[in-house]
Amino acid sequence: MREADPIVGALIEQHGPYRPRPSGEPYAALVRSIMYQQLAGPAAAAILGRLNALHGDADRIPTAEELLSTSEAQFREAGVSRQKTRYLRDLAEQVAAGRLRFRGLDRLDDETVIERLTGVKGVGEWTAQMFLMFQLGRPDVLPTGDLGVRRGMQLAYGLREPVTPAQAQQIGKPWAPYRSVGSWYMWRVAETQTPA
């Protein structure tokens, strides 16, 4: 990475080695991803905690069967929107029916994993890419739709205008086959640097 892109090389010096998040149980990771979509972290955590508590433990994601047994009123009581209720039910139905299986997913190529995951309502390409990066530990994912990655690129490369997905693809090209790592450094830049 240092040789392929001196800017990333400087970021490695500044932020230290790449530290991926530890992965957890795949089904729980998808439930969390759906719950955190378009919500601030603390708000999403509070809602998820209330949903979990309905099933006996605020720190445990409900099983697919438990989600399917959750009433509309209980979802509302926990603060889960109608749309997210539909998404969670679709995920639970697919898991319970065996249409979405996590065993063996790690042996499939990235495109096939994305195709399987995006078959769940509410799981789009970005969510599938985050799953590839953080759940399956795939080293060469470049989420060009991620605003944090593109904002980091704008700051790191001193660009005046926001970076488009097409530009992000070009900027990240030299990082292959470790574009997940380059993306991680772009998130660090977006979190720590302010525009000049």
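Preceding block: the structure.
What this report covers is the structure whose coordinates are included nearby. Computed from a prediction, not measured in an experiment: that's the story for all the values here.

Let us look at the packing of aromatic side chains. Inspection of every chain in the model, using the stated rule, returns four aromatic pairs. Geometrically, the ring pair formed by F134 and W187 is tilted, given 5.8 Å between the ring centres and 35 degrees between the ring planes. Here F134, found in helix α8 (residues 125-135), pairs with W187, found in helix α11 (residues 179-192); they are 53 residues apart in sequence, far enough to count as distant. With respect to class, F134 is no different from W187; both count as buried. The structure contains a cluster of three or more aromatic residues connected by ring pairs, namely Y18, W184 and Y185.

Here helix α3 (residues 41-53) is 13 residues long and its end C-alpha atoms lie 18 Å apart, about the 18 Å a rise of 1.5 Å per residue gives. Listed in full, the buried residues belonging to α3 are A44, I47, L48, G49, L51 and N52. On its buried side, α3 packs onto α2 (26-36), α4 (64-69), α5 (72-78) and α6 (82-96).

By the element assignment, R150 lies in helix α9 (residues 147-156). No salt bridge is formed by the buried R150. Its closest oppositely charged neighbour is D146, at 7.7 Å. A distance of 3.1 Å separates the side chain of R150 from the backbone oxygen of T144, its partner in a polar contact. In this structure R150 touches T144, G145, V163, T164, P165 and A168, once residues within four positions along its chain are discounted.

Before going further, it helps to examine α9. With seven of its 10 residues buried, α9 lies for the most part within the structure. For α9, the elements touching its buried residues are α1 (6-15), α10 (165-172) and α11. Two or three places before G148, at the start of α9, stands the capping residue D146, its side-chain oxygen 2.9 Å from that residue's backbone nitrogen. Note on α9: the residue one or two positions beyond its end, G158, has a positive phi of about 60 degrees.

On the secondary structure map, L136 appears in the loop between α8 and α9. For the pair L136 and R60, spaced 76 residues apart in sequence, the C-alpha separation works out to 21 Å.

Next up on the list: the nonpolar core. In terms of nonpolar packing, the biggest core is built from 52 residues, with V31, L88, L117, M153 and M186 touching the most fellow members. Excluding residues that lie within four positions of it along the chain, L88 makes contacts with V31, I34, M35, L51, L67, F75 and V80.

Once that is clear, we can look at a positive patch on the surface. A cluster of basic residues, R76, R82, R86 and K121, forms a positive patch at the surface. Along the chain, R76 falls in helix α5. A residue is classified by how much of its surface remains accessible, and R76, at 53% relative accessible area, is exposed.

Criteria and cut-off values
- Residues numbered from 1 in each chain as written.
- Predicted model: local features only at pLDDT ≥ 70, side-chain atom pairs only at ≥ 80, totals over all residues.
- Heavy atoms only, no water.
- Phe/Tyr/Trp six-rings, centres within 6.5 Å; stacked < 30°, edge-to-face > 60°.
- Helix = DSSP H or I, 4+ residues; strand = E, 2+ residues; numbered from the N terminus.
- Buried < 20%, exposed > 50% of the residue type's maximum accessible area, 1.4 Å probe, protein only.
- Expected span 1.5 Å × (residues − 1).
- Contact = heavy atoms within 4.5 Å.
- Lys, Arg positive; Asp, Glu negative; His and termini not counted.
- Salt bridge = Lys/Arg side-chain N within 4 Å of Asp/Glu carboxyl O.
- Polar contact = N/O pair within 3.5 Å; in protein donor to acceptor, adjacent residues only side chain to side chain.
- Core = buried A, V, L, I, M, F, W, Y, C linked by side-chain atoms within 4.5 Å.
- Patch = residues over 30% accessible without salt bridge, like charges linked within 9 Å, V, L, I, M, F, W, Y side chains within 5 Å.
- Areas by Shrake-Rupley, 256 points an atom, 1.4 Å probe, with all protein chains shown as cover.
- Charge placed at Lys NZ, Arg CZ, Asp CG, Glu CD.

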